[in-house]
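Report on the structure
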Amino acid sequence: MSAQRDFAAVRQSDPEPLIDGMRKAIVDTLATVIFFTFVASLTELFVAGMEPGEVLKTRLTMIPLMLFTGRPYGLWRDWFFSTTKPTVSWSKTLIDGLAFLSFQLPVYALVLFFVGADRSEIVLLLVSTAVLMFAVSRPFGLFLDAVRKVSGVT
């Protein structure tokens, strides 16, 4: 009898939290793909001097990773903000930067390694990208918040 009662409870449960979670995952992921495909391509071409073919390979490799990491990063960022509760713009910028660097830089390093970037390209890209990531982390955070708001998934 207990199993029947549990099954009935599951069938009658509200699907809204699941739907809300799926909507948040889609919004976070799309915002990540759109924003960083554009920004990272420019960095790879003009800062690191990668060949267009290498940039294309890196971006094509990163899209599936962004599909996989978009929502987890959104949750990671939300956790950073809820834990630290920044109240002024400089502290929000710092938290966005720390959240982004601690999550995304290791992922990017692995991608560069697997697509065949040489050691000097990897080092140059990680150093320059860390600076760039910190610089764009707050604009991305604001972009993510805006996309969430427009999508109704704040």
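Data block above holds the structure.
Basis of the calculations
- Residues numbered from 1 in each chain as written.
- Predicted model: local features only at pLDDT ≥ 70, side-chain atom pairs only at ≥ 80, totals over all residues.
- Heavy atoms only, no water.
- Axes fitted to C-alpha atoms, helices over the stretch in contact; angles between N-to-C directions.
- Helix = DSSP H or I, 4+ residues; strand = E, 2+ residues; numbered from the N terminus.
- Parallel < 35°, antiparallel > 145°, perpendicular 65-115°, else oblique.
- Left-handed = near helix turned anticlockwise from the far one by under 90°.
- Contact = heavy atoms within 4.5 Å.
- Phe/Tyr/Trp six-rings, centres within 6.5 Å; stacked < 30°, edge-to-face > 60°.
- Buried < 20%, exposed > 50% of the residue type's maximum accessible area, 1.4 Å probe, protein only.
- Nonpolar A, V, L, I, M, F, W, Y, C, P; charged D, E, K, R; others polar.
- Salt bridge = Lys/Arg side-chain N within 4 Å of Asp/Glu carboxyl O.
- Expected span 1.5 Å × (residues − 1).
- Bend = angle between axes of the 7 residues up to and from the residue.

Describing the packing of helix α2 (residues 16–46) against helix α3 (residues 52–84)
- Interhelical geometry of α2 versus α3 gives an angle of 150° and a closest axis separation of 8 Å. Judged by the inter-axis angle, α2 sits roughly antiparallel to α3. Crossing hand, α2 versus α3: right-handed. Facing α2, whose interface residues are Lys24, Ala25, Asp28, Thr29, Thr32, Val33, Phe36, Thr37, Ala40, Ser41, Glu44 and Leu45, α3 presents Pro52, Val55, Thr58, Arg59, Ile63, Met66, Leu67, Gly70, Arg71 and Gly74.

Quick word on the packing of aromatic side chains
- Scanning all chains against the criterion turns up 14 aromatic pairs.
- Between Tyr73 and Phe100 the ring centres are 5.2 Å apart and the planes differ by 80°, which places this aromatic pair in the edge-to-face class. Residue Tyr73 is found in helix α3, and its partner Phe100 is found in helix α4 (residues 89–115); the two are separated by 27 residues along the sequence. The exposure classification of Tyr73 matches that of Phe100, with both residues buried.
- In this structure an aromatic cluster arises from ring pairing among Phe35, Phe36, Tyr73, Trp76, Trp79, Phe80, Phe100, Phe103, Phe140 and Phe143.

Overview of unusual backbone geometry
- You will see that Lys85, though not glycine, has its phi angle at about 50°, which is positive.
- Looking at the element boundaries, Lys85 is found in the loop between α3 and α4.
- With a relative accessible area of 59%, Lys85 lands in the exposed category.

Looking at the packing of α4 against helix α5 (residues 119–151)
- Viewed as axis vectors pointing N to C, α4 and α5 meet at an angle of 140°, and their least axial separation amounts to 8 Å. Here α4 and α5 pass one another in a crossing that is right-handed.
- The class makeup of the residues in the contact of α4 with α5 is 16 nonpolar, six polar and three charged.

Considering the environment of Thr93
- Mapped onto the elements, Thr93 comes out in helix α4.
- Residues Thr93 and Asp28 lie 65 residues apart in sequence; the distance between their C-alpha atoms is 19 Å.
- Discounting residues that sit within four places of it in the chain, Thr93 has contacts with Phe134, Ser137 and Arg138.

Side note on the pattern of salt bridges
- Within the structure shown, the criterion is met by eight salt bridges.
- With a closest N to O distance of 3.3 Å, Lys24 and Asp20 form a salt bridge. You can see Lys24 and its partner Asp20 sitting in helix α2, four residues apart, about one turn around the helix.
- We classify Lys24 as partly exposed; its relative accessible area is 21%.
- In this structure, Asp28 and Arg148 form a salt bridge, with 2.8 Å as the shortest nitrogen-oxygen distance. Taken together, the positions of Asp28 in helix α2 and Arg148 in helix α5 put the pair 120 residues apart, joining distant regions of the chain.

With respect to α5
- Spanning 33 residues, α5 covers only 41 Å between terminal C-alpha atoms, well under the ideal 48 Å at 1.5 Å per step.
- A bend of about 35° at Ser137 is the largest found in α5, and the proline Pro139 appears one to four places after it.
- Positive backbone phi, at 75°, marks Gly152, one or two positions downstream of α5.

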